[in-house]
Amino acid sequence: MSRVCFVGANTFHSFSPTPSYARTRRLQLRASTAAPAQSRSLQALQEGRWVKAIMGAAMHDTAGIRNLALVLALADVDCIDMSPDEAVVRAVHDGFQAAKKIRPQLDLPMVMVSISNGEDVHFRKAHFDANQCPPDCSRPCERVCPAHAITHAGVMDKKCYGCGRCVPICPYSIVQTRTCTAPMHQILRVLESSHVDAVEIHTQLHQVDSMNELWMDIGPTVASELRLVSISFPRGENPDEMAKSLEALSNIVHQQNHDLEVIWQTDGRSMSGDIGNGAAVASVALAEQVTKVLNIYQLPGHVQLAGGTNLYTFKLLERQKMLRFRGAASDRGISGVAFGGFLRKTLYQVLDRLPEGPCTPLESQPDLLREAVEVARTVVSPMREYF
């Protein structure tokens, strides 16, 4: 199959999953629900060694996403989280097919799409009119952009994932953000496809009523087609109020399917893992609080960290004795960790060296592919090396 460059979030030229491929993906998921058989990914979740890679809910750089999916599949991540955009999902599966050609017996990661219950920082993009920039501006926005999405022409929309760092640093207050969410008909179409295994909902714990309304739209599809739902939330409530909210949210998502696996994603410090070690502290602290609440009130679900995660996260988890496979007590152990900006930034240091840019299929450059997979494994391995 010839390669054609991806050209945007709404245009996709090179991959349409074959019916047999789609059936295989769905059968893999269905098989994972039958005891005692489990997919590698769900088994990792149960054992407390789950690793998720986050593409970004507002990221639509399909060329880069395709190569990232190839690397992450070969590095044995358990799940890849992305925008509920059909072109993005297809790009991920294109990367998966390339990975399967290299390792035919590869157990592919689960595919998760992220949606929002109300306004959320993960669903935005920066924008500004470059003509308003003074000629002598030092352009600090370019320097702080982790996605390399800002040029003299403005923001490259498909690359921006909404971290927001460019907004406060603009000396002329020119940079603004806009909301970037998918319409419900698009979300349902993606969820009903054979190419998605899980959904993540970004919310605030107190938004129970709006979650109930959202679940009325997506719940029947999630309950019948998917195996896993992740609920992502930041800090914001005392333990008693948190317990009430978690119980209410759990009841909502289990209305149609009591066997649906639930992940509580603790979004400690959103989109900040690439900033430095200190960013990891908030997510670990929130995960510790949520784990205690779940156990005290006997609530179901798996705790998974996000928001500020990096390699220092593992040191904090080990220090706090929260890694189950290192002997953490059952009431303190977490089930997994998700990596976003830190992992992407680390991999881009390799992928940016592709000779013809991101449209180059990474597998055509074996040395760079090998290097990228090894880099990814340095992030995954702390959750794997004891097995």
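Everything quoted here is computed from the prediction, not taken from an experiment.

A.B. asks: Got a minute to help me understand the confidence of the model for the protein chain in this structure?
C.D. replies: Detailed reading of the predicted coordinates is not advisable wherever pLDDT falls low. Overall, the predicted model of the protein chain reaches an average pLDDT of 86, with 87% of residues at or above 70. Within the model, pLDDT remains below 50 along residues 1–20, and this stretch shows 38 contacts once partners closer than five positions in the same chain are excluded. Counted against residues more than four places away or in other chains, residues 29–37, with its pLDDT under 50, gives 14 contacts.

A.B. asks: Teacher, can you tell me more about the pattern of salt bridges here?
C.D. replies: Pairs can form between side chains of opposite charge whenever their charged atoms are close. Per the stated rule, a full pass over the model turns up 15 salt bridges. Residues Lys-52 and Glu-200 are paired through a salt bridge, measuring 2.6 Å at the closest nitrogen-oxygen approach. Here Lys-52 is found in strand S1 (residues 50–56), whereas its partner Glu-200 is found in strand S8 (residues 198–202), with 148 residues between them in sequence. For the pair Lys-52 and Glu-200, a shared accessibility class is recorded, and that class is buried. Of the charged contacts, one joins Arg-370 and Asp-367 as a salt bridge, the two residues approaching to 3.0 Å between their closest N and O atoms. With Arg-370 and Asp-367 both in helix H13 (residues 366–380) and three residues apart, this pair spans about one turn of that helix. Each member of the pair, Arg-370 as well as Asp-367, carries the same accessibility label: exposed. Linked through salt bridges whose partners overlap, the residues forming this network are Lys-52, Asp-81 and Glu-200.

A.B. asks: Explain unusual backbone geometry to me, please; I cannot follow it from the model alone.
C.D. replies: Trans is the prevailing form of peptide bonds, just as negative phi is the prevailing case for residues other than glycine. Of note in this structure, His-148 is not a glycine but carries a positive phi near 55°. Structurally, His-148 can be placed in the loop between helix H5 (140–144) and strand S5 (150–151). The exposure class of His-148 is partly exposed, given its relative accessible area of 46%. Positive phi is not limited to glycine here, since Gln-298 has a value of about 55°. By the secondary structure assignment, Gln-298 is in the loop between helix H10 (280–296) and strand S11 (302–306).

A.B. asks: I'm lost on the packing of H10 against helix H11 (residues 311–319) in this one. Help?
C.D. replies: For the pair H10 and H11, interaxial distance at closest approach is 9 Å and the crossing angle is 40°. Relative to H11, the element H10 lies oblique. Crossing handedness for the pair H10 and H11: right-handed. In contact with Ala-280, Val-281 and Val-284 of H10, H11 contributes Tyr-312, Thr-313, Leu-316 and Leu-317. A class-by-class count of the residues in the contact of H10 with H11 yields six nonpolar, one polar and no charged.

A.B. asks: I tried to follow the sheet that holds S1 on my own but got confused; where do I start?
C.D. replies: Pairing between sheet strands relies on hydrogen bonds along the backbone, with the strands arranged either parallel or antiparallel. Strand order in the closed barrel made by the eight strands is S1-S2-S3-S8-S9-S10-S11-S12, with parallel pairing throughout. Ignoring which end each strand starts from, the neighbouring axes of this sheet average 25° apart. Taken together, the two bridges between S11 and strand S12 (residues 336–339) define a ladder with parallel strand orientation. Counted as the bridge partner of Gln-304 is Gly-336 from S12. Most of the contacts of helix H3 (residues 62–74) go to S1, to which it runs at about 170°, and overall it touches S1 and strand S2 (79–82).

A.B. asks: Whenever I open this one, H3 confuses me. Can you help?
C.D. replies: Residues spaced three or four apart along an α-helix face the same direction, because each turn holds 3.6 residues. With 13 residues, H3 ought to run about 18 Å at 1.5 Å a step, and its terminal C-alpha atoms sit 18 Å apart, in line with that. Downstream of H3 by one or two residues, Asp-76 has phi in the positive range, about 70°.

A.B. asks: Can you help me understand the layout of surface pockets in this one?
C.D. replies: The gaps left among the atoms become clear once a water-sized probe is rolled over them. Looking at the largest pocket, its volume works out to about 280 Å³. Forming the boundary of the largest pocket are 22 residues, of which His-60, Cys-180, Thr-181, Ala-182 and Gln-186 lie nearest the centre. When contributions to the lining of the largest pocket are tallied by element, the ones reaching two or more residues are strand S3 (110–116), strand S7 (176–179) and helix H7 (184–191). Among the residues forming the lining of the largest pocket, the class breakdown is nine nonpolar, eight polar and five charged. There is about 210 Å³ of room inside the second largest pocket. If you trace the second largest pocket, you find 13 residues lining it, with Asp-61, Lys-159, Tyr-348, Asp-352 and Pro-358 closest to the centre. Counting only elements with at least two residues in the lining of the second largest pocket, the list comes to H3 and helix H12 (341–351). Residues belonging to the lining of the second largest pocket are distributed by class as follows: six nonpolar, four polar and three charged.

So, how was this worked out
Residues numbered from 1 in each chain as written. Predicted model: local features only at pLDDT ≥ 70, side-chain atom pairs only at ≥ 80, totals over all residues. Heavy atoms only, no water. pLDDT = per-residue confidence, 0-100. Contact = heavy atoms within 4.5 Å. Salt bridge = Lys/Arg side-chain N within 4 Å of Asp/Glu carboxyl O. Helix = DSSP H or I, 4+ residues; strand = E, 2+ residues; numbered from the N terminus. Buried < 20%, exposed > 50% of the residue type's maximum accessible area, 1.4 Å probe, protein only. Axes fitted to C-alpha atoms, helices over the stretch in contact; angles between N-to-C directions. Parallel < 35°, antiparallel > 145°, perpendicular 65-115°, else oblique. Left-handed = near helix turned anticlockwise from the far one by under 90°. Nonpolar A, V, L, I, M, F, W, Y, C, P; charged D, E, K, R; others polar. Pairing = 2+ DSSP bridges. Expected span 1.5 Å × (residues − 1). 1 Å grid on protein atoms, 1.4 Å probe; cavity = no way out; pocket = protein on both sides within 12 Å on 5 of 7 lines; lining within 4 Å. Points joined across faces, edges and corners; volume = space filled by probe spheres on them.

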